[in-house]
Amino acid sequence: MKSEPGSYSIDDLARDGRTHWEGVRNYQARNLMRDQMQAGDAVLFYHSNAQPPGVAGLARISQAAQPDPTAQDPNHAYYDPKAIPQNPWLMVELGFVAKFPCLVSLRELKDHPGLTGLMVIQRGARLSVQPVAPEHFRLIEQLGLGD
């Protein structure tokens, strides 16, 4: 899951303990949350639009996808006037697990031979929610934890 650290960082999640991952307004990302994310699933927390960008830590899905009420709230920054309750935008609840001692930078991800095919290193991969193969997840976790 990607977030700009100026908006919400791994440090913010560590402070808060958990947060609703709201404001996702892309159908593919919404469908990934709905169809593939379950409570208990591990998450790589990625800092995008940062210097350098990269995986900053680990989180866990603490509550599976549910309707995102911000889409229906005209006073909220994530309001979507086209949103309909019959086909809602979704959010998950995310809980803090760990901040990596060292950020696993995008450059490291691109250069590591074991991470070929990782979506975040593909050109144009801009989704805030992306699937990660289990073997890629384990390798990134090892890199981040210094194992």
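Here is what the cut-offs are and how they apply
- Residues numbered from 1 in each chain as written.
- Predicted model: local features only at pLDDT ≥ 70, side-chain atom pairs only at ≥ 80, totals over all residues.
- Heavy atoms only, no water.
- Helix = DSSP H or I, 4+ residues; strand = E, 2+ residues; numbered from the N terminus.
- Rg over C-alpha atoms; globule rule 2.2 N^0.38 Å.
- Contact = heavy atoms within 4.5 Å.
- Areas by Shrake-Rupley, 256 points an atom, 1.4 Å probe, with all protein chains shown as cover.
- Lys, Arg positive; Asp, Glu negative; His and termini not counted.
- Charge placed at Lys NZ, Arg CZ, Asp CG, Glu CD.
- Buried < 20%, exposed > 50% of the residue type's maximum accessible area, 1.4 Å probe, protein only.
- Arc of directions from axis to C-beta.
- Polar contact = N/O pair within 3.5 Å; in protein donor to acceptor, adjacent residues only side chain to side chain.
- 1 Å grid on protein atoms, 1.4 Å probe; cavity = no way out; pocket = protein on both sides within 12 Å on 5 of 7 lines; lining within 4 Å.
- Points joined across faces, edges and corners; volume = space filled by probe spheres on them.
- Nonpolar A, V, L, I, M, F, W, Y, C, P; charged D, E, K, R; others polar.
- Phe/Tyr/Trp six-rings, centres within 6.5 Å; stacked < 30°, edge-to-face > 60°.

What about the overall build of the chain?
Working step 1: Regarding its fold elements, the chain presents 4 helices and 5 strands.
Working step 2: Secondary structure elements of the chain, listed N to C terminal, follow the sequence β-α-β-α-β-β-β-α-α.
Working step 3: For a compact globule of 147 residues, the expected C-alpha radius of gyration is about 15 Å, and the chain comes in at 15 Å, within 12% of that figure.
Working step 4: Each principal axis of the C-alpha distribution contributes one length, and for the chain these read about 45 × 30 × 30 Å.
Working step 5: In the chain, once contacts between residues fewer than 6 apart in sequence are set aside, the share between residues at least 24 apart is 70%.
Working step 6: In the structure as shown, the chain presents an accessible area of about 8200 Å², 48% of it carried by carbon and sulfur atoms.
Working step 7: Side-chain charges in the chain split into 14 positive and 16 negative, and the spacing between the mean points of these groups amounts to 6 Å.

So, helix 2 (residues 27-36)
Working step 1: Looking at helix 2, one finds that the buried residues are Ala 29, Arg 30, Leu 32 and Met 33. For helix 2, the angular spread of buried residues about the axis comes to 160 degrees, placing them on one side.
Working step 2: As for helix 2, its buried residues are in contact with strand 2 (18-21), strand 4 (54-67) and strand 5 (90-105).
Working step 3: Backbone nitrogen of Gln 28 and a side-chain oxygen of the N-cap are separated by 2.9 Å at the start of helix 2; the cap is Asn 26.

Things to note about the layout of surface pockets
Working step 1: Of the pockets and cavities examined, the largest pocket occupies roughly 860 Å³.
Working step 2: Around the largest pocket sit 30 residues that line it, and Lys 2, Ser 3, Glu 4, Ser 48 and Ser 128 are the ones nearest its centre.
Working step 3: Element by element, the count of residues in the lining of the largest pocket is highest for strand 2, at 3 residues.
Working step 4: Each residue belonging to the lining of the largest pocket can be placed in one class, and the counts come to 12 nonpolar, 11 polar and 7 charged.
Working step 5: Considered as a void within the structure, the second largest pocket measures approximately 430 Å³ in volume.
Working step 6: At the level of secondary structure, the elements contributing two or more residues to the lining of the second largest pocket comprise helix 2, strand 3 (42-47), strand 4 and helix 4 (134-145).
Working step 7: A total of 4 residues in the lining of the second largest pocket trace back to one element, the largest contributor, which is strand 3.

Comments concerning the packing of aromatic side chains
Working step 1: A complete count under the given rule lists 2 aromatic pairs for this structure.
Working step 2: Ring centres 5.7 Å apart and planes at 90 degrees place the aromatic pair Trp 21 and Phe 45 in the edge-to-face group. A residue pair is termed long-range when its members are at least 10 positions apart, and Trp 21 in strand 2 and Phe 45 in strand 3 qualify at 24 residues.
Working step 3: Residue classification places Trp 21 among the buried residues on the basis of a relative accessible area of 8%.

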